[in-house]
Amino acid sequence: KDKALDQIFGFAIGCDLTRRDLQSQAKKMGRPWATAKGFDYSAPCSAIVPKEETDLTCALFTSSSPPMSDTKITLHVNDEIRQDATLDQMIWNIPEMISTLSEYF
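Here the structure is a predicted model, which is why all the values come from computation and not from measurement.

*Asks:* An account of the overall build of the chain is requested, with residue identities and associated values reported.
*Replies:* The secondary structure content of the chain amounts to three helices and four strands. Tracing the chain from N to C terminus, the helices and strands come up as β-α-β-α-β-β-α. Evaluated residue by residue, the chain yields a buried proportion of 19% over its 105 residues. Taking the contacts inside the chain whose residues are at least 6 apart along the sequence as the reference set, 51% of them involve residues at least 24 apart.

Pasting the structure below:
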């Protein structure tokens, strides 16, 4: 965890989509619902912004401003807010995620 920041090149935003119709159908039949996650354009992702060009490293790893409670993540769908949170509300922080994923990949 101590070296997690050293492993980050940059930041991007991704959206993991699920086709609920396929997921529901597969569940009813007792089948795996991987097809509901693996369709064309199912995981759109923004461009990667190098960490040196953002303020996120401060928010994620130090007590410098902006604090994580001020760094928002918002999802709009057809001009309607569907998700609205701050980075401090994430279940796992970035160093924890990098540390855990590094054990497997």
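*Asks:* Describe the confidence of the model for the chain, with residues and values.
*Replies:* Looking at the chain, pLDDT values average 84 and 87% of them are 70 or higher. Mean pLDDT in the chain bottoms out at helix α2 (residues 56–61), which sits at 60, and peaks at helix α1 (residues 20–28), which reaches 95.

*Asks:* Explain unusual backbone geometry to me, using residue names and the numbers behind them.
*Replies:* A positive phi is found at asparagine 78, a non-glycine position, where the angle reads about 50 degrees. Owing to a relative accessible area of 74%, asparagine 78 belongs among the exposed residues under this scheme. One non-glycine residue, aspartate 79, lies in positive phi territory at about 65 degrees. Mapped onto the fold, aspartate 79 is located in the loop between β3 (72–77) and β4 (80–86). Overall, the relative accessible area of 79% leaves aspartate 79 in the exposed class.

*Asks:* An account of the side chain of serine 42 is requested, with residue identities and associated values reported.
*Replies:* Positionally, serine 42 belongs in the loop between α1 and β2 (49–50). Those residues in contact with serine 42, other than ones at most four positions away along the chain, are Cys15, Asp16, Leu17 and Lys37.

*Asks:* If you had to explain the pairing of β3 to someone new, which residues and values would you point to?
*Replies:* The sheet contact formed by β3 and β4 spans six bridges and is antiparallel. Residue pairing across strands places valine 77 opposite glutamate 80, the latter belonging to β4. From the end of β3 to the start of β4, which pair antiparallel, there are two residues, and asparagine 78 there has a positive phi angle of about 50 degrees.

Analysis parameters
- Residues numbered from 1 in each chain as written.
- Predicted model: local features only at pLDDT ≥ 70, side-chain atom pairs only at ≥ 80, totals over all residues.
- Heavy atoms only, no water.
- Helix = DSSP H or I, 4+ residues; strand = E, 2+ residues; numbered from the N terminus.
- Buried < 20%, exposed > 50% of the residue type's maximum accessible area, 1.4 Å probe, protein only.
- Contact = heavy atoms within 4.5 Å.
- pLDDT = per-residue confidence, 0-100.
- Pairing = 2+ DSSP bridges.

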